[in-house]
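Single-letter residue listing:
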Amino acid sequence: ERENKIDVFIRERSPGLNDIVTMALTSPYHVVKTQKSDKPVEFNIEQVTNEGKPPLPPEDETYINAELNKEFKLKIGQAARITQDDIRITLLDVLDDSRCPVDVQCIRVGEVSVKIDARHNEEKNLGQYILKLGGSNNEAMKEFSSKGYIITLKDVEPHPRSNIRINANERTATLVVTKTKASD
């Protein structure tokens, strides 16, 4: 609010032309309650598209330094950079965690899945991938191979407990990047 008017800033985010999206009708809105005023209201709208690229951390110091063939840990939103091969991996989210709590005896082990974004040589996008641990297809989903590299999910911590709710900002994924034998 200024002396002579009220500014309202709106950022509309939409997918790019080549992005894959679901066909769904939505009515997104955001209601903000303010005090009554006789001042004129000015709306400032900014339209943003991703064009298929999730945002990268803006500065090199936001990356965690990692090495090929060595495990590293990422929190949600953190990115690691393997400088010798210029690979950048961002942990986007822990999608679900149905693993058996460590203080309970379960019939099935459950599973945990994470979503990552991987890039090579600056902007060349290797893709976004969902990696899973546990469940019946453990070996098929815990790693992926692209452009001569294998990215493997080793663990997600903390492990669930029956009496403790885990916040998203407490979760870390342990990953390792290796070269395929053909790329050596």
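Below, the structure is looked at part by part. (Residues numbered from 1 in each chain as written. Predicted model: local features only at pLDDT ≥ 70, side-chain atom pairs only at ≥ 80, totals over all residues. Heavy atoms only, no water.)

### Observations regarding the overall build of the protein
Of the regular secondary structure elements, the protein holds one helix and eleven strands. In the protein, the succession of α and β elements from N to C terminus is β-β-β-β-β-β-β-β-α-β-β-β. When each of the 184 residues of the protein is scored for burial, the buried share is 34%. Pairs at least 24 residues apart make up 53% of the contacts formed inside the protein by residues separated by at least 6 positions. Entry remark: accessible area of the protein is about 13,000 Å², with carbon and sulfur atoms responsible for 49%. (Helix = DSSP H or I, 4+ residues; strand = E, 2+ residues; numbered from the N terminus. Buried < 20%, exposed > 50% of the residue type's maximum accessible area, 1.4 Å probe, protein only. Contact = heavy atoms within 4.5 Å. Areas by Shrake-Rupley, 256 points an atom, 1.4 Å probe, with all protein chains shown as cover.)

### Considering the environment of Ile151
Checked against the element boundaries, Ile151 lands in strand β10 (residues 149-157). Residue classification places Ile151 among the buried positions, given a relative accessible area of 1%. Placed 20 residues apart in sequence, Ile151 and Leu131 show a C-alpha to C-alpha distance of 9.1 Å.

### Examining the environment of Leu74
As for its placement among the helices and strands, Leu74 is situated in strand β4 (residues 72-75). A relative accessible area of 0% places Leu74 in the buried class. Between the alpha carbons of Leu74 and Leu175 there is a distance of 8.0 Å; along the sequence they are 101 residues apart. Non-local contacts of Leu74, meaning those with residues more than four positions away in its chain, are made with Ile64, Ala79, Ala80, Ile89, Leu91, Arg171, Thr172, Ala173 and Leu175.

### Observations regarding unusual backbone geometry
Here the bond from Glu157 into Pro158 is cis, since omega is -5°, no more than 30 degrees from zero. Counting through the fold element by element, Pro158 comes out in the loop between β10 and β11 (172-179). With a phi close to 65°, Asn69 is a non-glycine residue in the positive phi region. Looking at where Asn69 falls in the secondary structure, it is placed in the loop between β3 (63-66) and β4. Non-glycine residue Asp86 carries a positive phi angle of around 50°. In this structure, Asp86 sits in the loop between β5 (79-82) and β6 (87-97).

### What about the pattern of salt bridges?
Pairing of side chains with opposite charge becomes possible as their charged atoms draw close. Enumeration according to the criterion identifies eleven salt bridges in this entry. In this structure, Lys179 and Asp85 form a salt bridge, with 3.4 Å as the shortest nitrogen-oxygen distance. Taken together, the residues Lys179 in strand β11 and Asp85 in the loop between β5 and β6 connect sequence positions 94 residues apart. You can call Asp85 buried: its relative accessible area is 12%. Close ionic contact of Glu111 with Lys132 constitutes a salt bridge, the shortest N to O distance being 3.7 Å. (Salt bridge = Lys/Arg side-chain N within 4 Å of Asp/Glu carboxyl O.)

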